[in-house]
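# Residue-level structure breakdown
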Amino acid sequence: MIILMLCMHAPALLSQQTPEEGIFLHTVERGQTVYSISLMYGVDEEDIYRLNPSSREVIKAGEALRIPQHEHPGEEANDDEAYIYHTIEAGETLYGVSQQYGLLAEDLTDANRGLTPQTFAAGKTIRIPSMKIHSLPVTQTKTVVREMKYKIRRKETIYSICRQFNVTSEDLVAYNPQLKSGLKAGMELIIPVRTEETVTEMPRQKELDIAELISYRQKIEQVDVARIALLLPFHKPDAATPLDARVIEFYEGFLMAVDSMRNSGLSVELYVYNIGNDDATTVKALENIEIEQADMIIGGMTDEQIELIASFAEENEIKYIVPFSSRCERLTMENPCVFQVNTLPQNLYSYLAPRIRALFPQYRIILLNTGDRNVKTQFVNVLKADLNDSRIPFAEVAYQEKTFQADMLAAMSNTAPNLIIPCSGSLDALFKIKGTLRSIIETKPGYAITLFGHPEWQTYTKDCLEDFYALNACFYATSCMNATAPEAKQFTDKYRALYSKPLPTSSPKYAVLGFDMGMYFLTLVRTCGRNFDNCLQRHRYNSIQSGFRFERVSNWGGFINTNLYIVHFNKENHTIRREE
């Protein structure tokens, strides 16, 4: 009976493991959202929601999502960018997958520029291109040897047979070893007949190790001269007024980084172009031969400018750094040359949740819904899912003005420290809760509180600095400058001396962004040359404000900056500490 039941259920079990026709599986990685996954595969978000209903609320790293598949490449596909997607299974090789789709292994590495031995792994996805020209059958004229049987007649000799069939005596003996004992009438020989024929065949390939196929992309070449193209919208065409003062500040900071690197021994050739705010000026700038020979391009402001520069960079295999925009996610998903510096916080929540668990072990975690604007719904959903998966209990409290203190005391622990996380990042939310929380600390010494907040909090220090210290507060941010740090003071003083003006008080500070970006990428070029992709994981830079930790979004896409700081306010000595 047990065997019979297993046989009855076997088809159902198999269907759970094998995706349906027209569907492939995508394994969610940290930092991915349903939106970014839809861009990655060129499908609609609603199609993903339809196939994966629970993804409307939250997706988790390691989860397998069902994704609708495109048509098979090569079937009425004239577009070089027509792809389908293949989820790698355990035991598969690059050679095996290429044979499955009738391609060369090089076709797959060309279509997946980020492919490495580490990323060609079970559960990862690669894209399968339309038939490329070097994968098509090759037609050529070749000398073909065909074997013909021939029976020896009387009076024939080896010489006469060789003349008759245009073969050498050596070839005839090689095919017929019995001739060494002499030629006799009635003997049957094999005659190797050579003819010129037109032959059509697929290119032959041997099975190579994947590391060998992509080794040319991993080669590290140190350079003595870094060639950098800077394309910024300084002024409108035929106008002297700057488009944006922040662009000037960025440029000033970048020049400070160039000067610092030159002092350390690196020669830098900097080509600067004003691209205004229109496409025509950008196109004209890209016609300069210096840009085509650059190791790196930095710049672009509008979506149109960024798209033009990204296309140029991919065509010429030049690294392209997008310094300002956070709206270029589609380009980053499909262009292996793009480095997106400014990443939206919601794309980093899956990196943040385990950081919170690691930094605050044994804490009583309380999610506080203040009921006002700027609610971080996606952050809350990701954090709750992570805590549930890790079997870490947490409490949820809805703010009610009259009962707030009693509700908090009921949710808090007096034997373990409490981590209180407001679900909103607004200043109004902070003002609602900070007084009561300070009162609990002052009147209930048995309760330890740490208040955990959001990136906006770094702009509230003018109104809430003492509260942050009193509540042992901290917040997460993609960039943050501690003005009291020695390196920050040194930069501020040098900026004032060079440009005869104070560093702007706004946040983030674009001059510091320009300096940090220049130092980070120029050091990369000096150390690893223009192909510095494989140096990223071991390259660290102690930034003043803007940190960089780039990860490739897919085997065929570009890079996003996954850097996250946790900023702590220490109530014991009234200091601020930034932790990577």
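So, here's what we can say about the structure. Since this is a predicted model, take the numbers as computed values, not measurements.

### Let's talk about the overall build of the protein
Each helix and strand in the protein was counted, giving 21 helices and 20 strands. Carbon and sulfur atoms form 49% of the exposed surface of the protein, whose accessible area is close to 29,500 Å².

### Here's the deal with empty space enclosed by the protein
Counted under the stated rule, the structure contains one cavity of 30 Å³ or more. Lining of the largest cavity is provided by Arg540, Tyr541, Gly547, Phe548, Arg549, Asn563 and Glu580. The class makeup of the residues in the lining of the largest cavity is two nonpolar, two polar and three charged.

### Some details on the sheet that holds strand β13 (residues 394–398)
In spatial order, the strands read β13-β12-β14-β15-β16-β19-β20; together these seven strands make up an open sheet with mixed pairing. Looking at strand neighbours, the two that pair on one side only are β13 and β20 (575–579), the edges of this open sheet. Each strand axis lies, on average, 25 degrees off the axis of its neighbour in the sheet, ignoring direction. Here strand β12 (residues 364–369) runs beside strand β14 (residues 418–422); their pairing, made up of five bridges, is parallel. Pairing of Ile366 across the sheet is with Ile420, part of β14. Each of β19 (565–570) and β20 touches helix α19 (residues 461–470); the most contacted strand, β19, lies at about 70 degrees to it.

### Structural notes on the pairing of β20
Sheet topology note: the β19/β20 ladder contains five bridges and is antiparallel. The residue bridging Asn570 from the neighbouring strand is Thr575, located in β20. Counted between consecutive antiparallel strands, the loop separating β19 from β20 contains four residues, among which His574 sits at a positive phi close to 55 degrees.

### Details of the packing of aromatic side chains
Tallying each qualifying case throughout the model produces 35 aromatic pairs. When the ring of Phe339 is compared with that of Phe532, the centres are 5.6 Å apart and the planes differ by 55 degrees; the resulting orientation is tilted. Linking Phe339 in strand β11 (residues 338–340) with Phe532 in the loop between α21 (510–528) and β17 (550–552), this pair joins segments that are 193 residues apart in sequence. When the centroid spacing of 5.3 Å and the interplanar angle of 75 degrees are considered together, the rings of Phe339 and Phe550 count as edge-to-face. Residue Phe339 is located in strand β11, and its partner Phe550 is located in strand β17; the two are separated by 211 residues in the primary sequence. Under the relative-accessibility criterion, Phe339 is labelled buried at 0%. Aromatic ring contacts, followed pair by pair, group Phe339, Tyr520, Phe521, Phe532, Phe548, Phe550 and Phe559 into a single cluster. Above the plane of the ring of Tyr83 lies Arg127, whose end atom (NZ or CZ) is 4.1 Å from the centre. The ring of Tyr565 has Arg578 lying over it, and the distance from NZ or CZ to the ring centre is 4.1 Å.

### Brief notes about the state of the cysteines
For the structure on display, the rule yields one disulfide. The disulfide partner of Cys528 is Cys535, and the S-S distance across this bridge is 1.9 Å. Measuring the twist about the S-S bond at about -115 degrees, one finds the Cys528-Cys535 disulfide to be left-handed. Like Cys528, the residue Cys535 is buried in the burial classification.

### Details of the nonpolar core
By size, the foremost hydrophobic cluster in this structure holds 47 residues, and its most contacted members are Phe250, Ile298, Phe491, Met517, Phe521, Phe532 and Phe550. Contributing elements (two or more residues each) for this core: β7 (225–232), α10 (245–263), β9 (296–299), α20 (486–499) and α21. Looking at this core, the element that brings in the most residues is α21, giving 13 residues. When sequence neighbours within four positions are dropped, the list of residues in contact with Phe550 reads Phe339, Gln340, Val341, Tyr520, Phe521, Leu536, Gln537, Phe559, Ile560 and Asn561. In this structure, Leu368, Cys464, Phe475 and Ala477 belong to the second largest nonpolar core, which totals 30 residues.

### Some thoughts on the pattern of salt bridges
Tallied over the full model, the rule gives 22 salt bridges. Here Glu46 ties to Arg56 by a salt bridge, and the two come within 2.7 Å at their closest N and O atoms. Of this pair, Glu46 sits in helix α3 (residues 45–51) while Arg56 sits in the loop between α3 and β2 (64–68), placing them 10 residues apart in sequence. Taken together, the salt bridges that share partners define one network made up of Lys434, Arg438, Glu442 and Asp467.

Procedures and definitions
Residues numbered from 1 in each chain as written. Predicted model: local features only at pLDDT ≥ 70, side-chain atom pairs only at ≥ 80, totals over all residues. Heavy atoms only, no water. Helix = DSSP H or I, 4+ residues; strand = E, 2+ residues; numbered from the N terminus. Areas by Shrake-Rupley, 256 points an atom, 1.4 Å probe, with all protein chains shown as cover. 1 Å grid on protein atoms, 1.4 Å probe; cavity = no way out; pocket = protein on both sides within 12 Å on 5 of 7 lines; lining within 4 Å. Points joined across faces, edges and corners; volume = space filled by probe spheres on them. Nonpolar A, V, L, I, M, F, W, Y, C, P; charged D, E, K, R; others polar. Pairing = 2+ DSSP bridges. Axes fitted to C-alpha atoms, helices over the stretch in contact; angles between N-to-C directions. Contact = heavy atoms within 4.5 Å. Phe/Tyr/Trp six-rings, centres within 6.5 Å; stacked < 30°, edge-to-face > 60°. Buried < 20%, exposed > 50% of the residue type's maximum accessible area, 1.4 Å probe, protein only. Lys NZ or Arg CZ within 6 Å of the ring centre and 35° of its normal. Disulfide = S-S within 2.5 Å. Core = buried A, V, L, I, M, F, W, Y, C linked by side-chain atoms within 4.5 Å. Salt bridge = Lys/Arg side-chain N within 4 Å of Asp/Glu carboxyl O.

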